[in-house]
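Listed here are the chains, written in short residue letters.
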Amino acid sequence: DVKVTQSSRYLVKRTGEKVFLECVQDMDHENMFWYRQDPGLGLRLIYFSYDVKMKEKGDIPEGYSVSREKKERFSLILESASTNQTSMYLCASSPQSGAKNIQYFGAGTRLSVL
Amino acid sequence: QKEVEQNSGPLSVPEGAIASLNCTYSDRGSQSFFWYRQYSGKSPELIMFIYSNGDKEDGRFTAQLNKASQYVSLLIRDSQPSDSATYLCAVTGGTSYGKLTFGQGTILTVHP
């Protein structure tokens, strides 16, 4: 079974803090993704990575950065957390195998910024 | 125009009925189509994927794809209260690196 593990289920941070969200997958997938999910807005792609040290902006990258130093780990960084970054954050991974890009999701991190 | 649109819902069906969830997409180059189920407070889990025109069946679930009409649907037969969840349609292909574009989701409630 594919396992995507997010380091925290719940996080509470203060405005202006630097926040790290960690994601690890154990299936040797090339692609990894970070989404946020908000009521009424659905899943929105923040950043993705298709290889170690490679990253691409998604639809809403502002205020975020990412790091992928190892194939299995993809980190999302909030440089200076703001209240509008309160959300559910979902990490996903998929193999790089043509059209069969099934994405597997972690359990999610619910982040509250106060 | 939204790239992937789902019927707005919420959708409520009685137990044992057929639930029909619909999705349209705008990118004609789309190649792969996915249905995810998401229970409240949980992450999405894949329930069906389809690549070719026609029907694909898996247990009580049937995915239907019509690329000419840019339409994909999910039918749930013999709906159960445990099917109550948000269903997300996702589309890929025509873009790089397996990016998925998700619809907004349809909330399904199956009442006893």
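Read on for an overview of the structure. This one's a predicted model, so the numbers in the text were calculated from it and none came from an experiment.

Calculation rules
Residues numbered from 1 in each chain as written. Chains lettered and ligands numbered in written order. Predicted model: local features only at pLDDT ≥ 70, side-chain atom pairs only at ≥ 80, totals over all residues. Heavy atoms only, no water. Helix = DSSP H or I, 4+ residues; strand = E, 2+ residues; numbered from the N terminus. Rg over C-alpha atoms; globule rule 2.2 N^0.38 Å. Buried < 20%, exposed > 50% of the residue type's maximum accessible area, 1.4 Å probe, protein only. Lys, Arg positive; Asp, Glu negative; His and termini not counted. Charge placed at Lys NZ, Arg CZ, Asp CG, Glu CD. Disulfide = S-S within 2.5 Å. Core = buried A, V, L, I, M, F, W, Y, C linked by side-chain atoms within 4.5 Å. Contact = heavy atoms within 4.5 Å. Buried area = accessible area lost by both parts, 1.4 Å probe. Salt bridge = Lys/Arg side-chain N within 4 Å of Asp/Glu carboxyl O. Polar contact = N/O pair within 3.5 Å; in protein donor to acceptor, adjacent residues only side chain to side chain. Nonpolar A, V, L, I, M, F, W, Y, C, P; charged D, E, K, R; others polar.

A word on the overall build of chain B. When helices and strands are counted, chain B shows zero helices and eleven strands. Listing each helix as α and each strand as β along chain B from the N terminus yields β-β-β-β-β-β-β-β-β-β-β. Computed over its C-alpha atoms, the radius of gyration of chain B comes to 13 Å, within 12% of the 13 Å expected for a compact globule of 112 residues. With the principal axes as the frame, chain B shows a C-alpha extent of 40 × 30 × 25 Å. Residue burial in chain B is summarised as follows: out of 112 residues, 42% are buried. Computed over 9 positive and 10 negative side-chain charges, the inter-centroid distance for chain B is 5 Å.

This model, assessed by the stated rule, comprises two disulfides over all chains. Here A:Cys23 engages in a disulfide with A:Cys91; their sulfurs sit 1.9 Å apart. When the S-S torsion is -80°, as for the bridge of A:Cys23 with A:Cys91, the disulfide is left-handed. Taken together, the positions of A:Cys23 in strand E3 (residues 19–25) and A:Cys91 in strand E9 (residues 87–94) put the pair 68 residues apart, joining distant regions of the chain. A disulfide bridge connects B:Cys23 with B:Cys89, and the sulfur atoms are separated by 2.1 Å. Taking the sign of the torsion about the S-S bond as the criterion, the disulfide between B:Cys23 and B:Cys89, at about -75°, is left-handed. Of this pair, B:Cys23 sits in strand E3 (residues 19–25) while B:Cys89 sits in strand E9 (residues 85–92), and the two are 66 residues apart along the sequence. According to the relative accessible area criterion, B:Cys23 is buried, its value standing at 1%.

To continue, consider the nonpolar core. B:Trp35, B:Val72, B:Leu74, B:Ile76 and B:Tyr87 are the most contacted members of the largest nonpolar core, which has 23 residues in total. The set of elements that each furnish at least two residues to this core consists of E3, strand E4 (32–38), strand E5 (45–50), strand E7 (61–66), strand E8 (71–76), E9 and strand E11 (106–111) of chain B. In this structure, A:Leu11, A:Tyr47, A:Ile60 and A:Val66 belong to the second largest nonpolar core, which totals 20 residues.

With that settled, the discussion passes to the interface of chain A and chain B. Many descriptions give the size of an interface as the accessible area lost when the pieces come together. Across the boundary between the two partners, chain A contributes 23 residues, which contact 19 residues of chain B. Here chain A packs against chain B, burying approximately 1,800 Å² in sum over the two surfaces, 59% of which is carbon and sulfur. Viewed at the interface, chain B and chain A are joined by zero salt bridges. For the pair chain A and chain B, the number of links is four residue pairs in polar contact (both at pLDDT 80 or more). Among the elements that take part in the side of chain A that touches chain B, strand E5 (residues 42–51) of chain A stands out by supplying five residues, more than any other. Residues of the side of chain A that touches chain B, tallied by class, amount to 13 nonpolar, eight polar and two charged.

All names here are of chain B. Structurally, the position occupied by Phe-34 is in strand E4. Accessibility expressed as a relative area gives 1% for Phe-34, which makes it buried. When the C-alpha atoms of Phe-34 and Tyr-51 are compared, they prove to be 8.9 Å apart, with 17 residues separating the residues in sequence.

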